[in-house]
Amino acid sequence: MSDKLSINNEMAVFDRKDREFYDSLTSEERKKFSNFLMIRYGSSVQGSRDLQEFYLISTNERLNKQFFNINRHPKLQWLCATTVSPGLGTQRHQWIAPKKKEPGAGSVRKQLAELYPHLKDDELELMSQINTKKDVDEYLRASGQEAKK
């Protein structure tokens, strides 16, 4: 992998707001480049609490909300990513690992969706986070239904 595509370089050009970076990549480098990493690395920095909050909020506002709606436009994704940095020089970014799904969480969500078809996705997600499979099974038994295996 070229130095240009090392995560340290990518985050440095991210912090410098280098809007020409994506254009400077060859077609092979573009295939290897991941705009998604800008969300994971870009939202977390070492530094003052204010700086950390700025990066997190800025990443959420400018990248997380519509990032995948523009996934057919990687240059536009990059340009959006360059708006995150406040332009205070290169920062030390840390990786934020994706949240691991707990075993059975999908089945709990599925059961809750069957029980409460009127709930929206975010409401189902919240319900599945605060209720375990055991909780759902107890509710089903209490209401005279059979708990699913």
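The structure we're discussing is the one just above.
Because the structure is predicted, anything quoted here is derived from the model rather than measured.

### Focus on helix 6 (residues 74-81)
Along an α-helix, residues three or four apart share an orientation, since each turn contains 3.6 residues. Regarding helix 6, the residues found buried are Q77, W78 and A81. Projected onto a plane normal to the axis of helix 6, the buried residues spread over an arc of 100° and lie on a single side.

### A few points about the pattern of salt bridges
Under the defined criterion, the tally for this structure stands at 8 salt bridges. Put simply, K4 and E29 hold a salt bridge, and the shortest N to O gap is 3.5 Å. Pair noted here: K4 is in the segment before helix 1 (7-15) and E29 is in helix 3 (residues 27-32), with a separation of 25 residues, a long-range link. On the basis of relative accessibility, which here comes to 13%, the residue E29 falls in the buried class. Taking the shortest distance from any N to any O, the salt bridge between R109 and D121 comes out at 3.4 Å. Residue R109 is found in helix 7 (residues 105-115), and its partner D121 is found in helix 8 (residues 121-130); the two are separated by 12 residues along the sequence. R109 sits in the partly exposed class, given a relative accessible area of 24%.

### Comments concerning the side chain of Q77
Along the chain, Q77 falls in helix 6. Those residues in contact with Q77, other than ones at most four positions away along the chain, are N35, L63, F67, I70 and N71.

Criteria and cut-off values
Residues numbered from 1 in each chain as written. Predicted model: local features only at pLDDT ≥ 70, side-chain atom pairs only at ≥ 80, totals over all residues. Heavy atoms only, no water. Buried < 20%, exposed > 50% of the residue type's maximum accessible area, 1.4 Å probe, protein only. Helix = DSSP H or I, 4+ residues; strand = E, 2+ residues; numbered from the N terminus. Arc of directions from axis to C-beta. Salt bridge = Lys/Arg side-chain N within 4 Å of Asp/Glu carboxyl O. Contact = heavy atoms within 4.5 Å.

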